[in-house]
Amino acid sequence: MPAQKVTKAKRPSHHYVIDVSAPADDKIFDVAAFEKFLHDRIKVQGRTNNLGEQVAITHNGTKEVVVDTKIDFSKRYLKYLTKKFLKKNNLRDWLRVVSTDKDTYKLKYFNVSNAEEESDNEDEE
């Protein structure tokens, strides 16, 4: 009888990026404070401050925040925490979180100028 192949279970590994370059360049978004917020709020096994070596949070200058995980981790959870940080800092009215790639979110400004032009056109008619 041939020998059975034993396969090891593949450990999940994720590399998520949150691009904050637009608001950070305009000096309205503090990348270091956002990184600290994520570090304090991310829950591992139902507990905060339990990151250990399983989750690593870093930021590359003022361009992006990178979250590397060695456990199952939801990208949607990062969006939730990002929106929570924006609301806490009263930036939620001007910024939105948009997925640009499978593992990437980007903070973009709402397109306010078009809405103002449309309301001006309605007043003139």
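What counts, and where the lines are drawn
- Residues numbered from 1 in each chain as written.
- Predicted model: local features only at pLDDT ≥ 70, side-chain atom pairs only at ≥ 80, totals over all residues.
- Heavy atoms only, no water.
- UniProt positions renumbered as here; feature names shortened; annotations may be inferred.
- Patch = residues over 30% accessible without salt bridge, like charges linked within 9 Å, V, L, I, M, F, W, Y side chains within 5 Å.
- Areas by Shrake-Rupley, 256 points an atom, 1.4 Å probe, with all protein chains shown as cover.
- Salt bridge = Lys/Arg side-chain N within 4 Å of Asp/Glu carboxyl O.
- Helix = DSSP H or I, 4+ residues; strand = E, 2+ residues; numbered from the N terminus.
- Pairing = 2+ DSSP bridges.
- Axes fitted to C-alpha atoms, helices over the stretch in contact; angles between N-to-C directions.
- Contact = heavy atoms within 4.5 Å.
- Expected span 1.5 Å × (residues − 1).
- Buried < 20%, exposed > 50% of the residue type's maximum accessible area, 1.4 Å probe, protein only.
- Arc of directions from axis to C-beta.
- Polar contact = N/O pair within 3.5 Å; in protein donor to acceptor, adjacent residues only side chain to side chain.

Per an unreviewed UniProt entry, the protein goes by the name 60S ribosomal protein L22 and belongs to Coemansia thaxteri. The annotation that UniProt attaches to the protein under Sequence similarities (unreviewed entry) is "Belongs to the eukaryotic ribosomal protein eL22 family."

The subject of this paragraph is a nonpolar patch on the surface. Nonpolar side chains collect at one region of the surface, where Ile28, Trp94 and Tyr109 lie side by side and expose about 300 Å² of accessible area between them. Following the sequence through the fold, Ile28 ends up in the loop between α1 (21-25) and α2 (31-41).

Two strands in a sheet stick together by hydrogen bonds in their backbones, pointing the same way (parallel) or opposite ways (antiparallel). The strand order across the open sheet built from five strands is β4-β5-β1-β7-β6, with neighbouring strands paired in mixed fashion. The open sheet has two edge strands with one neighbour each: β4 (55-60) and β6 (95-101). Taken over all neighbouring pairs, the strand axes of this sheet differ in orientation by 20° on average, direction set aside. Of the strand pairs in this sheet, β4 and strand β5 (residues 64-69) are connected by six bridges, and their pairing is antiparallel. Of the residues in β5, the one forming a bridge with Ala56 is Asp68. The strands touched by α2 within the sheet are β1 (14-19), β4 and β5, with β4 carrying the most contacts at an inclination of about 175°.

In this section: helix α3 (residues 75-88). Since the α-helix turns once every 3.6 residues, residues separated by three or four places project in the same direction. If you check α3, its first and last C-alpha atoms are 20 Å apart, about what 14 residues at 1.5 Å a residue would give, namely 20 Å. For α3, the complete set of buried residues consists of Lys75, Leu78, Leu81, Thr82, Phe85 and Leu86. Down the axis of α3, the sector holding all buried residues measures 140°, keeping them to one side. Those residues of α3 that are exposed and aimed more than 90 degrees away from the buried face are Lys87 and Lys88. Summarising the contacts, the buried residues of α3 are in contact with β1, α2, β5, β6 and β7 (104-109). Measuring from the side-chain oxygen of the N-cap residue of α3 to the backbone nitrogen of Arg76 gives 3.2 Å; that N-cap residue is Ser74. Downstream of α3 by a residue or two, Asn90 has a phi angle that is positive, lying close to 55°.

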